[in-house]
Number of protein chains: 2
Amino acid sequence: MVDQQPTDQIERADRILDAAKELLLRWGYRRATIDEIARRAGVGKGTVYLHWRSREQLFFAVGAREAVAMLGEVVTAMRHDPQEIALHRYMRRFFLEAMSRPVLRAIFTRDAEVLDRFLSSPARRPLQSAKLLASREYLGVLADDGLLRARLRPEDLDYTLPAVMFGFFGIDPLLAPEVALPLVDKADQLADTLRHAFEPAKPPPPARFATAAPRVIAVFDRHVDDYRRATYGTATEKR
Amino acid sequence: MVDQQPTDQIERADRILDAAKELLLRWGYRRATIDEIARRAGVGKGTVYLHWRSREQLFFAVGAREAVAMLGEVVTAMRHDPQEIALHRYMRRFFLEAMSRPVLRAIFTRDAEVLDRFLSSPARRPLQSAKLLASREYLGVLADDGLLRARLRPEDLDYTLPAVMFGFFGIDPLLAPEVALPLVDKADQLADTLRHAFEPAKPPPPARFATAAPRVIAVFDRHVDDYRRATYGTATEKR
DNA sequence: TGATGACCAGATTAGCGCTTTGGTCATCAG
DNA sequence: CTGATGACCAAAGCGCTAATCTGGTCATCA
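Residues numbered from 1 in each chain as written. Chains lettered and ligands numbered in written order. Predicted model: local features only at pLDDT ≥ 70, side-chain atom pairs only at ≥ 80, totals over all residues. Heavy atoms only, no water.

### Quick word on the overall build of chain A
Stage number 1. Helices and strands together make up the secondary structure of chain A, namely 12 helices and 0 strands.
Stage number 2. Listing the helices and strands of chain A from first to last along the sequence gives α-α-α-α-α-α-α-α-α-α-α-α.
Stage number 3. Overall, the C-alpha framework of chain A stretches about 60 × 50 × 30 Å when taken along its three principal axes.
Stage number 4. Residue burial in chain A is summarised as follows: out of 239 residues, 52% are buried.
Stage number 5. Carbon and sulfur atoms form 51% of the exposed surface of chain A, whose accessible area is close to 11300 Å².
Stage number 6. Positive and negative side-chain charges of chain A, numbering 37 and 33 respectively, have mean locations separated by a distance of 3 Å. (Helix = DSSP H or I, 4+ residues; strand = E, 2+ residues; numbered from the N terminus. Buried < 20%, exposed > 50% of the residue type's maximum accessible area, 1.4 Å probe, protein only. Areas by Shrake-Rupley, 256 points an atom, 1.4 Å probe, with all protein chains shown as cover. Lys, Arg positive; Asp, Glu negative; His and termini not counted. Charge placed at Lys NZ, Arg CZ, Asp CG, Glu CD.)

Next comes the structure, spelled out in structure tokens:
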């Protein structure tokens, strides 16, 4: 921990992030101005720039904070039941969590109404990266412990897994309304698809999950830290 | 066959469609004007409207003609080797064919540069419909002949299959350049994914494909007819 | 010393003629 | 008489300018 931030700084950052999130969801990225965000957070505009380098970074932080919350749920579930580390279980939860959080849903469904030009902003990329979805380290642990299909190398998933996930996140507006499914059913379909496509045909013994779980959890804990730093960490950084 | 069109009418329609396709690919939907299309096809503007009700319908016909060509290849392959009717083989070919034909590639990758506001035109929908992708009838035949995974009903695929396909068609611009794959490798990944996700774990005996092939081919022949009619058929229809 | 908001340049929007274009139909050629 | 045409029209699109807004800075202040 190099530069732990004082609590009141974190609190102020949270107030600003709350205001930014609120305005983002109500008015969309374009109309959520720094002036209005600062006003609602009860701080001066300059103060916002004491926390984040730019408007883009501020909104990235909004997403990063949501990612922290989501991954927190994921890790909690994994601690409670090691089988949750299975790719299809993780992705099922990821899908449900992401779709239930308006900010993350906007990001993962690429909602142009909400995100507007933030969609094509480089600052958004880390929020949709392979790291957030399923990092190499995570997939490496699964592969090492026989939790992926035989002859499936982790790098095969670099292309294929994002393709499938992107499909499930984005397909809705393209389907006729009569094909609509409850969210949970979509998540189940996704889980089924991933399990058959990428996991061993016969379910691995529970012991194998127990073995792998600590390492998986360590990986995710690290990711959570990364995103938490990205949320608050720019304030004291040098330019 | 109610109103078979004279050959010279078909030829003229093809000339117009050629010009429309050329301009669509070179200039994009927005700038491909009816005037210029008519000029290049060597006909008066009014003549275009003797074939299609509107500009949108004309461009739909451009896509429908491509679909006919693509499905023609598919059917030919199926006649040559009954195993081609397998979902993963069909979709592999579909993906490769669609990605190799500029018009279809623009449609399936939702290329905004080329399609512009044709993207949100209702006339485009039948070109991306479940029918073109994998009709209920086709999936029904597969299910009846044991070519789908046990306990997988065709209607389960209504949502899931388009989701996966859409993902593979659309993921490219979202991935880091270093993850880029040759087209054929993407098609192979897609085929692998679909086979494991939706087909029986042990490959069905060849005889089963031979049995099912004629019915599958009949289904596709019907779809080809539908799209062919959609390509040329509006000329003599009443308003 | 940390917070602020007046300030500025550059980007965005609104207003407004001018041009382009999808679609029609009176006219004409064969 | 039939099928093809292009002049024509309303409406949408475009380019231009002036006026407004907003991200980001920094001198000033509590």
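### Some points on the interface of chain A and chain B
Stage number 1. Across the contact, 29 residues belong to chain A and 29 residues belong to chain B.
Stage number 2. Taken together, the two surfaces of chain A and chain B that pack against each other cover about 2600 Å², and 68% of this comes from carbon and sulfur.
Stage number 3. If you sort the residues of chain A by the area they bury against chain B, Y159(A), F166(A) and L174(A) come out on top, with a joint share of 28%.
Stage number 4. Linking chain A with chain B are 2 salt bridges, by the criterion used here.
Stage number 5. Between R149(A) and D192(B) there is a salt bridge; the shortest N-O distance is 3.4 Å.
Stage number 6. Joining chain A to chain B, the criterion identifies 10 residue pairs in polar contact (both at pLDDT 80 or more).
Stage number 7. Of all the elements in the fold, those that place two or more residues in the side of chain A that touches chain B are α10 (157-170) and α11 (183-198) of chain A.
Stage number 8. Among the elements that line the side of chain A that touches chain B, the one with the most residues is α10(A), at 10 residues.
Stage number 9. Partitioning the side of chain A that touches chain B into residue classes produces 14 nonpolar, 7 polar and 8 charged. (Contact = heavy atoms within 4.5 Å. Buried area = accessible area lost by both parts, 1.4 Å probe. Salt bridge = Lys/Arg side-chain N within 4 Å of Asp/Glu carboxyl O. Polar contact = N/O pair within 3.5 Å; in protein donor to acceptor, adjacent residues only side chain to side chain. Nonpolar A, V, L, I, M, F, W, Y, C, P; charged D, E, K, R; others polar.)

### What about the protein's contact with DNA strand D?
Stage number 1. As a matter of local geometry, DNA strand D sits amid 15 residues, with K45(A), R55(A), R12(B), T47(B) and R117(B) nearest to it.
Stage number 2. The sugar-phosphate share of atoms of DNA strand D within 4 Å of the protein amounts to 66%.
Stage number 3. One nitrogen or oxygen atom from the main chain of I34(A) is found 2.9 Å from a phosphate oxygen belonging to DNA strand D.
Stage number 4. G46(B) is positioned such that a nitrogen or oxygen atom in its backbone is 3.4 Å from a base nitrogen of DNA strand D.
Stage number 5. Where the surface near DNA strand D is concerned, the elements lending two or more residues are α3 (45-51) of chain A together with α3 (45-51) of chain B.
Stage number 6. It is α3(B) that provides the largest number of residues to the surface near DNA strand D, a total of 4 residues.
Stage number 7. For the surface near DNA strand D, the per-class residue count stands at 4 nonpolar, 5 polar and 6 charged. (Near = heavy atom within 4 Å.)

### Describing the packing of aromatic side chains
Stage number 1. As enumerated under the stated definition, the model contains 25 aromatic pairs over all chains in all.
Stage number 2. Measuring from ring centre to ring centre gives 6.4 Å for F94(A) and F169(A), while their planes differ by 75°; the resulting arrangement is edge-to-face. One end of the pair, F94(A), is in helix α5 (residues 87-100); the other, F169(A), is in helix α10, and 75 residues separate them in sequence.
Stage number 3. Classification of F94(A) as buried rests on a relative accessible area of 0%.
Stage number 4. Given a relative accessible area of 4%, F169(A) falls into the buried group.
Stage number 5. Plain terms: the ring middles of F95(B) and F169(B) are 5.2 Å apart, the flat faces sit at 45° to each other, and that makes the pair tilted. With F95(B) in helix α5 (residues 87-100) and F169(B) in helix α10 (residues 157-170), the pair connects residues that are 74 residues apart, well separated along the chain. (Phe/Tyr/Trp six-rings, centres within 6.5 Å; stacked < 30°, edge-to-face > 60°.)

### Points about the side chain of H88(A)
Stage number 1. Relative to the helices and strands, H88(A) is located in helix α5.
Stage number 2. What H88(A) contacts, discounting residues up to four positions off in sequence, is A191(A), L194(A), R195(A) and E199(A).

### Digging into the pattern of salt bridges
Should the charged atoms of two oppositely charged side chains come close, the side chains can pair.
All names here are of chain A.
Stage number 1. Throughout the structure, instances matching the rule amount to 50 salt bridges over all chains.
Stage number 2. Across the pair D145 and R215 runs a salt bridge, and its minimum N-O distance is 2.4 Å. One end of the pair, D145, is in the loop between α9 (136-144) and α10; the other, R215, is in helix α12 (residues 206-232), with 70 residues separating them in the sequence.
Stage number 3. Exposure remark for R215: the relative accessible area of 38% places this residue in the partly exposed category.
Stage number 4. Shared partners join several salt bridges into a network, and the residues in it are E22, R26, E36, R39 and R40.

### Considerations on the relation of the copies chain A and chain B
Stage number 1. Mapping chain A onto chain B calls for a rotation angle of 179° and an axial translation of 0.0 Å; the resulting RMSD is 0.1 Å. Put plainly, the chains are arranged around a two-fold axis. Within chain A, the C-alpha atom positioned nearest to the axis of rotation is that of G167(A), 1.8 Å from it.
Stage number 2. Both copies present the same face, since 100% of the interface residues in chain A are matched by interface residues at the equivalent positions in chain B. (Least-squares fit on C-alpha atoms with pLDDT ≥ 70 in both.)

### Describing the protein's contact with DNA strand C
Stage number 1. In the region of DNA strand C, 15 residues are neighbours, and R12(A), T47(A), R117(A), K45(B) and R55(B) sit closest.
Stage number 2. When the atoms of DNA strand C within 4 Å of the protein are sorted by group, sugar and phosphate make up 66%.
Stage number 3. Contacts to DNA strand C include Y49(B), whose side-chain N or O atom sits 3.0 Å from a phosphate oxygen.
Stage number 4. For the surface near DNA strand C, the secondary structure elements donating two or more residues are α3 of chain A together with α3 of chain B.
Stage number 5. Per-element tally for the surface near DNA strand C: the top contributor is α3(A), with 4 residues.
Stage number 6. Looking at the surface near DNA strand C, its residues break down into 4 nonpolar, 5 polar and 6 charged.

### Thoughts on the layout of surface pockets
Stage number 1. If you add up the space inside the largest pocket, you get close to 1100 Å³.
Stage number 2. Lining the largest pocket are 37 residues, with R110(A), F166(A), G170(B), P173(B) and L174(B) sitting closest to its centre.
Stage number 3. Ranked by residues supplied to the lining of the largest pocket, first place goes to α10(A) with 6 residues.
Stage number 4. Residues of the lining of the largest pocket, tallied by class, amount to 21 nonpolar, 8 polar and 8 charged. (1 Å grid on protein atoms, 1.4 Å probe; cavity = no way out; pocket = protein on both sides within 12 Å on 5 of 7 lines; lining within 4 Å. Points joined across faces, edges and corners; volume = space filled by probe spheres on them.)

### Points about the environment of R208(B)
Residue and element names in this part refer to chain B.
Stage number 1. The residue R208 is located in helix α12 (residues 206-232) in this model.
Stage number 2. Spatially, the C-alpha atoms of R208 and R117 are 45 Å apart, while their sequence positions differ by 91 residues.
Stage number 3. When near neighbours in sequence (up to four residues on either side) are disregarded, R208 contacts D145, G146 and L147.

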